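A structural walkthrough
Here are the chains, one letter per residue:
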Amino acid sequence: MNYQVPRGTQDILPKDIRKWHRLEELIRQFCHVYNYDEIRTPIFEHTNVFKRGNDSSDMVNKEMYTFQLENSKTSLTLRPEGTAGVVRSFVENKLFGSADLPVKMYYVGPQFRHERPQKGRMRIFHQFGVEVIGAKSPMLDVETIALGWSFVSALGLKDMKVLINTLGDDASRDAYRTALKEHFKNDIDDMCADCKRRYEQNPLRILDCKVDHEKEIMKTAPKMQDYLNEESQAYFEEVLEGLDALGIPYEVDDRLVRGLDYYTHTVFEVVSVNKEMGAQSTVFAGGRYDGLVEYFGGPQGMSGIGWAMGLERLLIACEAEGISLDEEEGLDAYVLCLSPSVKKEALQVVSLLRANGYRSDTDYLGRSFKAQFKTVDRKKARIAILIGEDEVEKGEVTIKDTLHKTQQSVPFDDIIESMDALFEEENEECTCGEENCTCGHHHHHEE
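Numbering of residues starts from 1 in every chain and runs along the sequence as written. The model is predicted, so local features are restricted to residues of pLDDT at least 70 and side-chain atom pairs to those at 80 or more, both for listing and for counting; the totals for chains, interfaces and linings are taken over all residues. The side-chain quantities take in all heavy atoms of the structure and omit both hydrogens and water.

**Here's the deal with the nonpolar core**
What counts, and what does not: Take the buried residues of types Ala, Val, Leu, Ile, Met, Phe, Trp, Tyr and Cys, join any two whose side-chain atoms come within 4.5 Å, and each joined set is a nonpolar core. Throughout, exposure labels follow a simple rule: accessible area from a 1.4 Å probe, protein chains only, divided by the maximum for the residue type, with under 20% read as buried, over 50% as exposed, and the rest as partly exposed. Secondary structure elements follow DSSP: runs of H or I no shorter than four residues count as helices, runs of E no shorter than two count as strands, and numbering proceeds from the N terminus. Note on definitions: a residue-residue contact is assigned when non-hydrogen atoms from the two residues lie within 4.5 Å.
Counting residues in each nonpolar core, the largest one holds 45 residues, and the members touching the most others are Phe-128, Phe-151, Met-309 and Leu-314. Looking at this core element by element, the count peaks at eight residues for helix 5 (residues 138–154). Among all residues touching Phe-151, those that are not within four sequence positions of it are Leu-23, Leu-26, Ile-27, Phe-30, Phe-128, Met-309 and Leu-314. Tyr-107, Ile-188, Leu-204 and Met-218 belong to the second-largest nonpolar core, a separate cluster that totals 44 residues.

Now the structure itself:
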């Protein structure tokens, strides 16, 4: 038998997990200062949460993992995106009754889409997303874009740009749809099968076609901004003024429609212009949605805005720009067991160190002293603690400081005090004052 991960999925191994932790920590820090709270929704939902009415997106029509259990009429779908589940939860739990609207939420987790895997596009992928529901203000559109923009900037990404467009309100979009249908009606028979379907379901999506995009008829298609009513135009201008005020660079891209059908007004994509990224250059993207809360049975006219960021893609972008997120963390202490008869004592020492917040380990394979010492090096252990029969008899251990090459014998009861003193000294020597300093000095935080 050949056991391998399914196509389009990956194992994230212990050696790679640090970058993920760094990203997730940063996500939580950013959302905390922006006053967004985390929400966790189920990984599968009833299929109709995603398959809504006359939806023309590829995601709904071709990419969902949908299943029915035996003897059950219930159809369930692994979530292909985060927004629908969050809005469903917002309505089901009556969060719209909150005294302080809007409700600001974020999520981090896996999504599932059955599409052709390629670099930066997986069948199980992870997204960090935000949703702000219950208020409609151009300044909120700006705030959500600013959160994402400042997050990628904090990672050190430079080759980024914001593409933005407006789809206007319902009235503007209806007028535009009619114009598009008129424009494409004589040519639609020569276009791809997806476009034929989109022509009926949502002609805006034709503009997003990857097959026919070079055709003349596409290049001469009417533009959304010619069909915006005054209100929609004014809303969009305010969003752009807000981005200017925060110094966030953007390009208005009138071809941008986004892949999901529920967007209204502002839609945006933040893309990497680094050529290493290949075709999958979008790092995060989203927009405003006006009809979704009502669709799930919530109050009429309650608007939301959100975006989602692909974490796999973000890591590729960091790699492309030479940004490293995985500084290896060494051990604070490694306990060397010099004789099988003192295994229990070695374990007691390791437990004591861990209880005091020191990252520690010991040998469980009964290896030679020399082999254990190699582990001290490999694990970059700052302190080596030696226990043998002599030590146990005297009720003490030998503490070796691998950095300053000093060693001392210490009674069992004073191990933690000695450790604290060694790390204390370390912190005093460090002048950088940074909590996550990289100057090689060890900052030990009391747990």
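Don't stop here, the text continues.
**Concerning the sheet that holds strand 4 (residues 75–78)**
Remark on secondary structure: sheet strands pair via backbone hydrogen bonds, oriented parallel or antiparallel. Put simply, the rule reads: Any two strands between which DSSP finds at least two bridges are classified as paired. Orientation is described by lines fitted to C-alpha atoms, with helices fitted over the stretch in contact, and by angles between N-to-C directions that extend from 0 to 180 degrees.
A sheet is described by the order of its strands in space; here three strands give the open sequence 2-4-3, paired in antiparallel fashion. Strands at the two margins of the open sheet, each flanked by one partner only, are strand 2 (44–46) and strand 3 (66–68). Here the average twist between neighbouring strands, direction ignored, is 35°. Pairing between strand 2 and strand 4: three bridges, direction antiparallel. Across the sheet, Glu-45 pairs through a bridge with Thr-77, a residue of strand 4.

**Topic: the sheet that holds strand 12 (residues 333–337)**
As summarised here, the arrangement of the five strands in space is 13-12-14-15-16, forming an open sheet in which the pairing is mixed. In this open sheet, the two strands that pair with only one neighbour each are strand 13 (360–362) and strand 16 (406–411). Mean inter-strand twist for the sheet, computed between neighbouring axes without regard to direction, equals 25°. Inspection of the sheet shows strand 12 paired to strand 14 (residues 383–387) by five bridges, in the parallel sense. Pairing of Val-335 across the sheet is with Ile-385, part of strand 14. Where helix 13 (residues 369–378) meets the sheet, its contacts fall on strand 12, strand 14 and strand 15 (396–401), and the angle it forms with strand 12 comes to roughly 175°.

**Examining the pattern of salt bridges**
Side-chain pairs of opposite charge can arise where the charged atoms are in close proximity. This is how the line gets drawn: Each reported salt bridge corresponds to a side-chain nitrogen of Lys or Arg within 4 Å of a carboxyl oxygen of Asp or Glu.
Following the criterion strictly, the structure yields 18 salt bridges and no others. With a closest N to O distance of 2.8 Å, Arg-88 and Glu-45 form a salt bridge. Placement of the pair is Arg-88 in helix 4 (residues 83–92) and Glu-45 in strand 2, with a sequence separation of 43 residues. What makes Glu-45 buried here is its relative accessible area of 7%. Among the charged side chains, a salt-bridge network with shared partners connects Arg-28, Glu-38 and Arg-40.

**Focus: the packing of aromatic side chains**
Stated formally: Within 6.5 Å between ring centres, the rings of Phe, Tyr and Trp (the latter by its six-membered ring) count as paired, and their orientation is classed by plane angle as stacked under 30 degrees, edge-to-face over 60, tilted in between. Throughout this description, the term charge over a ring refers to an Arg CZ or Lys NZ atom that lies within 6 Å of the ring centre and within 35 degrees of the ring normal.
Enumeration according to the criterion identifies 12 aromatic pairs in this entry. Between Phe-284 and Trp-307, the ring centres sit 4.7 Å apart and the planes meet at 45°, which makes this aromatic pair tilted. In this pair, Phe-284 sits in strand 10 (residues 282–289) while Trp-307 sits in strand 11 (residues 304–310), placing the two residues 23 residues apart along the sequence. Overall, the relative accessible area of 1% leaves Phe-284 in the buried class. According to the relative accessible area criterion, Trp-307 is buried, its value standing at 1%. Members of the aromatic cluster, connected to one another through ring pairs, are Phe-30, Tyr-106, Phe-128, Phe-151, Phe-284 and Trp-307. Against the face of Tyr-235 rests Lys-136, its NZ or CZ located 6.0 Å from the ring centre. Between Arg-382 and the ring centre of Phe-423, over which it is positioned, the NZ or CZ distance is 5.4 Å.

**Topic: the packing of helix 5 against helix 9 (residues 230–245)**
Applicable threshold: The labels follow the angle: roughly parallel below 35 degrees, roughly antiparallel above 145, roughly perpendicular from 65 to 115, and oblique for the rest. Crossings are classed by handedness, with left-handed meaning an anticlockwise turn of the near helix from the far one by less than a right angle and right-handed meaning a clockwise turn. Three classes are used, and their members are as follows: Ala, Val, Leu, Ile, Met, Phe, Trp, Tyr, Cys and Pro are nonpolar, Asp, Glu, Lys and Arg are charged, and the others, Gly among them, are polar.
Interaxial distance between helix 5 and helix 9 falls to 8 Å at its minimum, and their mutual angle equals 40°. Taken together, helix 5 and helix 9 sit at an angle that is classed as oblique. Crossing of helix 5 over helix 9 shows right-handed handedness. Each of Pro-138, Met-139, Asp-141, Val-142 and Ile-145 in helix 5 lies in contact with helix 9, whose residues at this interface are Tyr-235, Glu-238, Val-239, Gly-242 and Leu-243. Counted by class, the contact of helix 5 with helix 9 contains seven nonpolar, one polar and two charged residues.

**Brief notes about the environment of Cys-209**
Take Cys-209: it is sitting in the loop between helix 7 (193–201) and helix 8 (216–219). In sequence terms Cys-209 and Asp-194 are 15 residues apart; their C-alpha atoms lie 8.1 Å from each other. Other than its neighbours up to four places away in sequence, Cys-209 contacts Cys-192, Cys-195, Arg-198 and Met-218.

**Quick notes on a negative patch on the surface**
How we decide: Grouping into patches uses exposed residues only, defined as over 30% relative accessible area, and leaves out salt-bridged ones; the cut-off is 9 Å for like charges and 5 Å for nonpolar side chains (Val, Leu, Ile, Met, Phe, Trp, Tyr). The accessible surface values rely on the Shrake-Rupley method and a 1.4 Å probe; as for residues, cover is taken only from the protein chains in view. Neither His nor the chain termini are counted; the positive set is Lys and Arg, and the negative set is Asp and Glu. The atoms used to mark charge sites are NZ of Lys, CZ of Arg, CG of Asp and CD of Glu.
There is a patch of like negative charges on the surface, built from Glu-237, Glu-238, Glu-241 and Asp-244. The class for Glu-238 is partly exposed, based on a relative accessible area of 37%.

**Quick word on helix 7**
The following threshold applies: This arc is built from the directions going out from the helix axis to the C-beta atoms.
Buried within helix 7 we find Cys-195, Arg-198 and Tyr-199. For helix 7, the angular spread of the buried residues around the axis is 110°, confining them to a single face. Opposite the packed face of helix 7, turned more than 90 degrees from it, sit the exposed residues Ala-193 and Glu-200.

**Some remarks on the packing of helix 1 (residues 17–33) against helix 5**
At a minimum axis separation of 11 Å, helix 1 and helix 5 run at an interaxial angle of 140°. Relative to helix 5, the element helix 1 lies oblique. The crossing of helix 1 and helix 5 is right-handed. From helix 1, Leu-23, Leu-26, Ile-27 and Phe-30 reach across to helix 5, where they touch Leu-147, Ser-150, Phe-151 and Ala-154. Considering only residue class, the contact of helix 1 with helix 5 consists of seven nonpolar, one polar and no charged.

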